[in-house]
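# Overview (structure and organization)
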Amino acid sequence: MQDTIVVLSKSRRFAGLVARTLRCRQIYCLPAALDTPASEICKLSPKGVLLAEPDGAADALDGLDFEILNLDVPVLALGGAVAPLCSHFGGGVGQPMEDRTVTLSLQDAVLFQDISGGERRLRGVRELLLPDSLQPLATATERVIGFQHAALPLYGFQYPVERNDPDAAQLLYNFARGICGCRETWTDDAIIDQALQQIRDAAPEGRVLCAVSGGVDSAVCARLASLAVGSRLVCLFVDTGLLRRGEPEEVMRAYQDQLGLTVAHVDARKTFLDALSGVSSWDEKEQTASRLMTRILQEQLSGSPDIHTFVMGTNFNDTLFGCAPSAASVGKSVLCQPIGSLFKEEVRRLALALELPASIVMRQPFPSSGLALRIMGAVTEERLNLLRVADDCFTSEIREGGYDRRLWQYYATLIESPDRPDGYAVCLRAVQAQQENATAARLPFDVLERATRRIRDALPCVSRVVYDLTPSAHYGELE
């Protein structure tokens, strides 16, 4: 059985960050809602539990089943979960400390192995007034900010878990490995073996259908399914007419020539364009495209009675944010999601281990409604063609300058021109991932100038090109 650390939090993004940090150290970590009952946690047979909240609100642990503290497994509270836990045991909590540099002092404990004290800048920290049942573990300028329970395997430390912080990663590793005794078994080979077995269990007989889009998720699923069931696999590519310039041809070429897979092609360009006619809102475009894609897949499945299993590239990010499909969407076929437990970066890592082409491994995330989502207003064939050209000009400039490896996403959007009633404006977007959001990349001005020149030379109807500096908290805001 896989050694598991369960992380409980009200914040899905923060829980995901903690889980990814531990998984990078090859220790399996599963995010769950803070109000998950202790009985459900027991069924997972965890080696330890993390209580992680990003802020210091007094109600940070509201909804927690405190029976979790009596499961006889180690528990570590982090960040905003520490102060209310101290209060739960009868302690007190002082006023928030000012966000300034403090002198961090750490006890000689397994939790702090290979982590040094000294001057740190901590945010949202409160002084803890400990009851007799809690013993001090860490102080900030002589004020207690961490504790250990005298009798229970319970720890609390007001230390922020932030992206790319080696001490935060070491702290989580010390808890999981040193205190909980977790084995480092979350390796590429183990993940591949687990996914292959999942597919074989779901498809003991009959043909297997895998929907592919050209993205890394579906490509990894297709490769895994091919390894699991061999010639029983058939891949399906639906050309929605909403892809970027040259992508349909690239997808077919990559799967057939480079991966050696059989791919059925469905030309649904007119169907999608007709369905999106007159649709302007973001939500409606997503819903329309999703419903139509589901209908096309159901038609393919119902028209092929020898297909018993449908493999879909749903990853853990989709599950965490409520975007995973239901089994009802594939009718009588068995729905198999072999990468459903993997975060996006883990899927990319697996793609490298499976030796997929770089063009697939590094493909940018793309909304299910494709370019339709990047057209502000109604979707028409003319506007789709204009956006393809503008997007190609910008992305080519980014890649030629070697900036693509430093960016999470970069693309163009099309809007109606504020200057000419019959013209258009292009908005350029390039972002880098931060702690829990994405911020605009500081591209060199000459790159933006060259991209603007290329777009306006190629598209005389574009009267204005702008660069979007707006930060985003989630994928919807990013788009």
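Our subject is the structure listed above.
Here is what the cut-offs are and how they apply
- Residues numbered from 1 in each chain as written.
- Predicted model: local features only at pLDDT ≥ 70, side-chain atom pairs only at ≥ 80, totals over all residues.
- Heavy atoms only, no water.
- Helix = DSSP H or I, 4+ residues; strand = E, 2+ residues; numbered from the N terminus.
- Rg over C-alpha atoms; globule rule 2.2 N^0.38 Å.
- Buried < 20%, exposed > 50% of the residue type's maximum accessible area, 1.4 Å probe, protein only.
- Contact = heavy atoms within 4.5 Å.
- Areas by Shrake-Rupley, 256 points an atom, 1.4 Å probe, with all protein chains shown as cover.
- Lys, Arg positive; Asp, Glu negative; His and termini not counted.
- Charge placed at Lys NZ, Arg CZ, Asp CG, Glu CD.
- Core = buried A, V, L, I, M, F, W, Y, C linked by side-chain atoms within 4.5 Å.
- Pairing = 2+ DSSP bridges.
- Axes fitted to C-alpha atoms, helices over the stretch in contact; angles between N-to-C directions.

In this section: the overall build of the protein. Within the protein one finds 15 helices and 20 strands. Relative to a compact globule of 479 residues, whose C-alpha radius of gyration would be 23 Å, the protein shows 25 Å and is just as compact. Its C-alpha atoms put the protein at 70 × 60 × 35 Å along the principal axes. Out of the 479 residues in the protein, the part that is buried amounts to 52%. Across the protein, the fraction of contacts at a sequence separation of at least 24, relative to all contacts at a separation of at least 6, is 73%. Surface summary for the protein: the accessible area is close to 21400 Å², and the carbon and sulfur share equals 48%. In the protein, the 48 positive side-chain charges and the 61 negative ones have mean positions that sit 4 Å from each other.

What follows concerns the nonpolar core. In terms of nonpolar packing, the biggest core is built from 134 residues, with Ile-5, Leu-50, Val-220, Leu-224 and Tyr-255 touching the most fellow members. Every residue in contact with Ile-5, bar those within four places of it in the chain, is listed here: Leu-22, Ile-27, Tyr-28, Cys-29, Leu-30, Lys-47, Gly-48, Leu-50, Phe-175, Ala-176, Cys-180 and Cys-182. With 24 residues, the next largest nonpolar core counts Leu-34, Leu-69, Ala-83 and Leu-85 among its residues.

Take helix H11 (residues 344-353) next. Among the residues of H11, those classed as buried are Glu-346, Val-347, Arg-348, Leu-350 and Ala-351. In this structure, the buried residues of H11 make contact with helix H1 (12-23), helix H5 (188-202), helix H6 (216-229) and helix H12 (358-361). Just downstream of H11, Glu-355 is the residue with a positive phi angle, here 60 degrees.

Okay, the sheet that holds strand S12 (residues 207-212) next. Within the open sheet, the 5 strands sit side by side as S14-S13-S12-S15-S16. Their pairing is parallel. The two strands at the open ends of the sheet, each matched to only one other strand, are strand S14 (263-267) and strand S16 (334-336). Taken pair by pair, the neighbouring strands of this sheet meet at an average axis angle of 30 degrees, ignoring direction. In terms of strand pairing, strand S15 (residues 307-311) meets S16 through 3 bridges, oriented parallel. Its bridge partner lying in S16, Val-311 is registered against Cys-336. Contacting S12, strand S13 (233-239), S14 and S15, helix H9 (residues 282-302) crosses the sheet at an angle of about 145 degrees to S13.

Everything listed is a geometric property; what it means functionally is a separate question.
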